[in-house]
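Each chain, letter by letter, is given below.
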Amino acid sequence: MRFSKGRVFLLRAPEGENLVNFVNELAKKKNIIVGSVSAIGSLRNPKIGYFEEKKGQYKVIELKGTYELVSLMGNISIKDGEPFAHIHVALGDSEGRLWGGHLIEGEVFVAEVFVQELLGEILERKPQENGLSLWDEEPL
Ligand code: ZN
């Protein structure tokens, strides 16, 4: 699929918000159908997921306390007819050790969010037999 760059958003998410909801709401309000997301900052009590392939579901890891949002990477595409943000994070604890996974939720202490809208085609997630909702595979 080919896309061209659209609008760019750079903003600070409000303290106390669930960062996943914030990105999803931003995409809906600004009508961002496809895009990429990145962020840095700090999250409280983040929940991250590890997808267990054999079970076909996420194991949920609940972290307690405040973690550095060392890196957040994700994308926006359509799922169930609405913009949907798929987000992965690297989170640093007070010893500088990293935790990582699929971001389920995390309360913002600080979050500086960058979103690049991509224009072109509609990219849509569809439920798969493996339990995930994915884009169609695309041979080169
Ligand atoms: Zn994921």
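In the block above lies the structure referred to throughout.
Keep in mind that what you see is a predicted model, and the values were worked out from it rather than measured.

## So, the packing of aromatic side chains
Point 1. In this structure the tally under the stated criterion is 1 aromatic pair.
Point 2. Consider the rings of Phe51 and Tyr58, whose centres lie 5.1 Å apart with planes at 75°: the pair is edge-to-face.
Point 3. Looking at Phe51, the relative accessible area reads 17%, which means it is buried.
Point 4. A cation over a ring is seen here: Lys79 above Phe84, with NZ or CZ 4.4 Å from the ring centre.

## Structural notes on the nonpolar core
Point 1. Core analysis: the largest hydrophobic core is formed by 27 residues, its most contacted members being Leu19, Leu72 and Val113.
Point 2. Of all the secondary-structure elements, those providing two or more residues to this core are helix H1 (19–29), strand E2 (35–52), strand E4 (66–79), strand E5 (82–92) and strand E6 (98–120).
Point 3. Per-element accounting of this core gives the leading share, 6 residues, to H1.
Point 4. In this structure Leu72 touches Leu19, Val37, Ser38, Ala39, Ile87, His88, Val89 and Leu103, once residues within four positions along its chain are discounted.

## Quick notes on unusual backbone geometry
Point 1. The residue Asn45 is not glycine, and still its phi comes out positive at about 45°.
Point 2. Tracing the backbone shows Asn45 in strand E2.
Point 3. Even without glycine at this site, Asp80 takes up a positive phi of about 50°.
Point 4. Within the secondary structure layout, Asp80 lies in the loop between E4 and E5.
Point 5. Take Asp80: its relative accessible area is 70%, and that puts it in the exposed class.

## Observations regarding H1
Point 1. Burial in H1 covers these residues: Leu19, Val20, Phe22, Val23, Asn24, Leu26 and Ala27.
Point 2. Among the structural elements, strand E1 (3–12), E2, E4, E5 and E6 are those in contact with the buried residues of H1.
Point 3. Looking one or two residues past H1, Asn31 carries a phi angle of roughly 55°, positive in sign.

Calculation notes
- Residues numbered from 1 in each chain as written.
- Predicted model: local features only at pLDDT ≥ 70, side-chain atom pairs only at ≥ 80, totals over all residues.
- Heavy atoms only, no water.
- Phe/Tyr/Trp six-rings, centres within 6.5 Å; stacked < 30°, edge-to-face > 60°.
- Buried < 20%, exposed > 50% of the residue type's maximum accessible area, 1.4 Å probe, protein only.
- Lys NZ or Arg CZ within 6 Å of the ring centre and 35° of its normal.
- Core = buried A, V, L, I, M, F, W, Y, C linked by side-chain atoms within 4.5 Å.
- Helix = DSSP H or I, 4+ residues; strand = E, 2+ residues; numbered from the N terminus.
- Contact = heavy atoms within 4.5 Å.

Coordinates in, geometry out; function isn't part of it.
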